[in-house]
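# What the coordinates show
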Amino acid sequence: SEIKQLEESKSKLNESITALTKLVDEVPSDVAKSILKEQVENLKKQQEDIEALVETKEKKAKGWFGLFG
């Protein structure tokens, strides 16, 4: 269930990244564009961290099932 929650978080982050990326093109202020781009990069980093965590948890789960399977 923890992996499912992480996948949902990753999906929500992806939606946020998409929305912010669209805003970057629509906002006239260079300062606002810069801030939005920085936020997009931060969200992408969070998404990468979640992906790594999901992989780790999946490997551990497979290892546990291998012990008891």
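These remarks concern the structure in this document. Quick caveat, the model's predicted, so the values are computed rather than measured.

Further remarks concern a negative patch on the surface. Together, E41, E48, E51, E55 and E58 give the surface a local cluster of negative charge. Within the secondary structure, E48 sits in helix α2 (residues 30-68).

This part takes up the environment of K45. Here K45 lies in helix α2. For K45, a relative accessible area of 47% gives the class partly exposed. K45 sits 15 residues away from K60 along the chain, and the two C-alpha atoms are 23 Å apart.

Rules of the game
- Residues numbered from 1 in each chain as written.
- Predicted model: local features only at pLDDT ≥ 70, side-chain atom pairs only at ≥ 80, totals over all residues.
- Heavy atoms only, no water.
- Patch = residues over 30% accessible without salt bridge, like charges linked within 9 Å, V, L, I, M, F, W, Y side chains within 5 Å.
- Areas by Shrake-Rupley, 256 points an atom, 1.4 Å probe, with all protein chains shown as cover.
- Salt bridge = Lys/Arg side-chain N within 4 Å of Asp/Glu carboxyl O.
- Lys, Arg positive; Asp, Glu negative; His and termini not counted.
- Charge placed at Lys NZ, Arg CZ, Asp CG, Glu CD.
- Helix = DSSP H or I, 4+ residues; strand = E, 2+ residues; numbered from the N terminus.
- Buried < 20%, exposed > 50% of the residue type's maximum accessible area, 1.4 Å probe, protein only.

In short, shape yes, function no, at least from these values alone.
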